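So the chains spell out like this:
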Amino acid sequence: MFNKVFVEKDLVNKSHTQDVLKKIRFNELITIDRYDNIFEKVKKPYLQKRDNLNLFLAKKRGEIVKEAPDAYGLGKEKHFYFIHAYNCIYECEYCYLQGYFNSPDIVWFLNHDEIIKKIDGTSKTHPNSWFHAGEFSDSLAVSHFTNEIPTYHEYFKGNSTAKLELRTKSSNTRALESLEPLSNLFVTFSLSPKEVAKSIDKKASPIKQRLKAIKRLHLLGFKIGIHLDPIVIENCWEKSYQELIEDLSNHIPISEISFISIGVVRFTKDVFLQFSKNYPSSNIRTSTFVKSFDNKFRYPKPIRSNALRLVRELLTHYGANPTNIYECME
Ligand code: SF4
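Small disclaimer: the values here were computed from a predicted structure and weren't measured. (Residues numbered from 1 in each chain as written. Predicted model: local features only at pLDDT ≥ 70, side-chain atom pairs only at ≥ 80, totals over all residues.)

A. Examining unusual backbone geometry more closely. Omega for the peptide link from Asp 229 to Pro 230 comes to 10°, which places this bond in the cis form. Relative to the helices and strands, Pro 230 is located in strand 13 (residues 223-231). Positioned with a positive phi, Asn 128 is a non-glycine residue whose angle comes to about 65°. Relative to the elements of secondary structure, Asn 128 occurs in the loop between helix 2 (112-125) and strand 9 (130-133). Here Asn 128 falls in the partly exposed class, since 13 other C-beta atoms lie within 10 Å of it. Non-glycine residue Asn 147 carries a positive phi angle of around 55°. (Helix = DSSP H or I, 4+ residues; strand = E, 2+ residues; numbered from the N terminus. Buried ≥ 20, exposed ≤ 12 C-beta atoms within 10 Å, placed from the backbone.)

B. Region of the structure containing the site of the ligand. Taken together, Cys 88, Tyr 90, Glu 91, Cys 92, Cys 95, Leu 97, Ser 137, Asp 138, Lys 169 and Ala 204 are the residues near the ligand. Across the shell around the ligand, the residue classes break down as six nonpolar, one polar and three charged. (Near = placed C-beta within 6 Å. Nonpolar A, V, L, I, M, F, W, Y, C, P; charged D, E, K, R; others polar.)

C. Structural context of the packing of helix 8 (residues 237-249) against helix 10 (residues 301-317). The interhelical angle for the contact between helix 8 and helix 10, taken along N-to-C directions, is 30°, at an axis separation of 10 Å. In this view, helix 8 runs roughly parallel relative to helix 10, as classed from their interaxial angle. Here the hand of the crossing between helix 8 and helix 10 comes out right-handed. The residues of helix 10 that touch helix 8, namely those facing Glu 238, Tyr 241, Gln 242 and Ile 245, are Leu 310, Val 311, Leu 314 and Leu 315. (Axes fitted to C-alpha atoms, helices over the stretch in contact; angles between N-to-C directions. Parallel < 35°, antiparallel > 145°, perpendicular 65-115°, else oblique. Left-handed = near helix turned anticlockwise from the far one by under 90°. Contact = placed C-beta atoms within 7 Å.)

D. Expanded view of the nonpolar core. With 84 residues, the main nonpolar core has Leu 57, Phe 82, Val 107 and Ile 260 as its most contacted residues. At five residues, the largest contribution of residues to this core is made by helix 7 (residues 207-220). Discounting residues that sit within four places of it in the chain, Leu 57 has contacts with Val 5, Val 7, Glu 8, Leu 11, Thr 17, Val 20, Trp 108 and Leu 110. (Core = buried A, V, L, I, M, F, W, Y, C linked by C-beta atoms within 7 Å.)

E. Focus on the sheet that holds strand 2 (residues 26-32). Reading across the sheet, the five strands line up as 2-1-3-8-6 and stay open at both edges, with mixed pairing between neighbours. Since the sheet does not close on itself, it has two edges, and those belong to strand 2 and strand 6 (85-86), each with one partner. (Pairing = 2+ DSSP bridges.)

F. Looking closely at the environment of Asp 33. By the secondary structure assignment, Asp 33 is in the loop between strand 2 and strand 3 (55-58). A residue is classified by how many C-beta atoms lie within 10 Å of it, and Asp 33, with 10 of them, is exposed. For the pair Asp 33 and Ala 58, spaced 25 residues apart in sequence, the C-alpha to C-alpha distance is 9.4 Å. Here Asp 33 is in contact with Glu 8 and Lys 9, once residues within four sequence places are set aside.

G. A look at the sheet that holds strand 13. Read across the open sheet, the eight strands follow the order 4-5-9-10-11-13-14-17; overall the sheet is mixed. Each edge of the open sheet carries a strand with a single partner, namely strand 4 (65-67) and strand 17 (325-327). Between one strand axis and the next, the sheet turns through 25° on average, direction left out of account. Sheet topology places strand 5 (residues 79-82) next to strand 9; four bridges connect them, and they run parallel.

H. Here's a closer look at helix 2. Taking 1.5 Å as the rise per residue, helix 2 with 14 residues should run 20 Å; its terminal C-alpha atoms sit 20 Å apart, in good agreement. Those residues of helix 2 lying buried are His 112, Ile 115, Ile 116, Ile 119 and Ser 123. Axial view of helix 2: buried residues confined to an arc of 95°, hence all on one face. Exposed residues pointing more than 90 degrees away from the buried face of helix 2 are listed as Asp 113, Gly 121, Lys 124 and Thr 125. Looking at the buried side of helix 2, the elements it contacts are strand 4, strand 5, strand 8 (106-109), strand 9 and helix 4 (149-157). (Expected span 1.5 Å × (residues − 1). Arc of directions from axis to C-beta.)

Right, here's the structure in full:
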């Protein structure tokens, strides 16, 4: 799976590090002082992630918990994300990581105790806040290798006023299935119509598998959230969303979904340039895109408003509580 694995020298003999190393395949193991002396120091084209991917096992230093941007989550509570990884094994065409880092190489931070200490400090200053994992990666895709889910579960079990969101495009729920559902743990799945996901969510789990994972976790008692984001306007998109929401309702009663975000595809300038270079024949048609209120490239406002209105109406038609639906980054 990986070409080179770089391990920080302070971590190399730790049992967690050795556990991870036993589970993954790689060509070469190199011990280093610090990941940030190497990661991103030389520009590496994003699409090299397909056949020449390196991994860093490292400690996260500096800013570990960051306040999320406005309109990131539901309600008036504060939202933070915490950083336990950089980059992702999937390759969604719209992923903002392609314009964010200088390299697609993956970093897994293994100092979870320190990350949790920061979460704890933030949660004491801002009670009832949300903590989102997976801002720079997928929360569950590699969790059977990295095995951090039980550690975070243990913390949030004892701190019920802080809420944890694990956001994913995978159906890899193994790490959760042996754990007890918690009232403050939300597992959230990003969904698109199946043909769209097949073409643009490269390497992520097919929608059919994600729906099965939703059903599995819901039956086990886990709280489920859904992200219908990014909405892509393509031929017959209205019909595709009607089919997707109907399909979802056959796996979980829509009224039992804790929250649903809706958002239309968008790019920062850097990501837009990278996306245009990496995926010139993408099904995400960008010919109508305009620079919008926050300098991101989006469909013009009337098209976005119409898409959001239609998806919202479909969701409420299938039983969603309107107060549990929010527009992400609009
Ligand atoms: S799952 Fe998320 S982080 Fe991973 S490639 Fe897709 S958009 Fe990017």
